[in-house]
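# Residue-level structure breakdown
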Amino acid sequence: MKLLNVSHLCKTYGQGEAQVEALKDVSFSLEKGCFAAVVGESGSGKSTLLHCVGALDTPTSGTVTMDGQDLFALPEEQRTIFRRRSIGFVFQSYQLVRELTVEQNILFPLLLDARRPDPAAVAELLDLLGLTARRHHLPHQLSGGQQQRAAIGRALITRPKLILADEPTGNLDRRNSQDVMELLTQAARHYQQTILMITHNRSLTAAVDQVFQVSDGVLTDLGGTRDETLS
């Protein structure tokens with residue numbers, strides 16, 4: 001079952017001689033529960049792609065359809081609500097609220113949407129993240145890996161259809177990077193969530209289902225890499 005369909009996506013910045021084509025006629029689709037990675041060098045267009053897919057940026061042309069809904073056919077306010085409820089974001093810089101505890105940071109998207117947390121679901125998620133003993137700690141009391149796990153928890157708490165991860169291991173050492181990848185993979189399998197991750201680190205693609213490459217704004221499907229015997 002297709003969850004995400006990106007069709008003929010283009011994004012152009014500037015005009016005249018200063019014009020830059022960040023995305024050039026990009027098309028791809030993802031099945032529900034798929035963990036996909038987009039690899040590419042800095043400036044290749046992969047971050048622009050992620051921002052357009054997540055409706056954080058508006059493409060020059062093309063469509064992004066999620067669960068049958070054309071995101072850019074929605075009025076801006078409705079698109080914001082759809083994004084808040086259906087897409088989770090994981091950023092390289094964590095972007096935790098420093099005055100809030102781990103648990104409060106994780107619950108923040110629910111509170112923004114005026115939704116009451118389910119204590120059992122929160123406890124389950126904290127256990128999955130390995131953060132039960134740190135639930136009342138502030139971000140500065142956590143390691144980098146723990147902060148990123150809290151950021152992943154914030155993305156997971158609303159049970160979004162799609163999770164977009166922007167260089168989620170970029171600030172982490174090798175061991176913590178592996179832990180984060182295992183956690184994202186577990187989320188895809190356990191909650192049947194679709195994940196699209198961008199990275200410049202090709203070694204991180206060994207456990208994902210589908211790999212794409214972006215070079216100079218052009219996307220190429222490199223196929224699947226995950227060993228199906230491990231699924």
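Use the structure listed above.
A short tour of the structure in this document, coming up. As the structure is a prediction and not an experimental result, all values here were calculated from the model.

## Comments concerning the packing of helix α5 (residues 144–156) against helix α6 (residues 174–190)
Where α5 contacts α6, the axes come no closer than 10 Å and their chain directions differ by 15°. The angle between α5 and α6 falls in the class roughly parallel. The handedness of the crossing between α5 and α6 is right-handed. Residues G145, Q148, R149, I152 and L156 of α5 form the contact with α6, whose own contacting residues are N176, V180, L183, L184 and A187. Residue classes in the contact of α5 with α6 are distributed as 6 nonpolar, 3 polar and 1 charged.

## Details of the sheet that holds strand β8 (residues 194–199)
Pairing in this open sheet of 6 strands is mixed, and the strands run β6-β7-β8-β3-β9-β10 from one edge to the other. Edge strands, defined here as strands with exactly one partner in the open sheet, are β6 (87–91) and β10 (218–223). Adjacent strand axes in the sheet meet at a mean angle of 20° when their direction is disregarded. The sheet contact formed by strand β7 (residues 162–166) and β8 spans 5 bridges and is parallel. In the strand pairing of β8, L164 is matched with L196. Contacting β3 (35–39), β6, β7, β8, β9 (210–215) and β10, helix α1 (residues 46–53) crosses the sheet at an angle of about 155° to β7. Along the sheet, helix α2 (residues 76–86) contacts β6 and β7; its crossing angle with β6, the most-contacted strand, is approximately 70°.

So, how was this worked out
- Residues numbered from 1 in each chain as written.
- Predicted model: local features only at pLDDT ≥ 70, side-chain atom pairs only at ≥ 80, totals over all residues.
- Heavy atoms only, no water.
- Axes fitted to C-alpha atoms, helices over the stretch in contact; angles between N-to-C directions.
- Helix = DSSP H or I, 4+ residues; strand = E, 2+ residues; numbered from the N terminus.
- Parallel < 35°, antiparallel > 145°, perpendicular 65-115°, else oblique.
- Left-handed = near helix turned anticlockwise from the far one by under 90°.
- Contact = heavy atoms within 4.5 Å.
- Nonpolar A, V, L, I, M, F, W, Y, C, P; charged D, E, K, R; others polar.
- Pairing = 2+ DSSP bridges.

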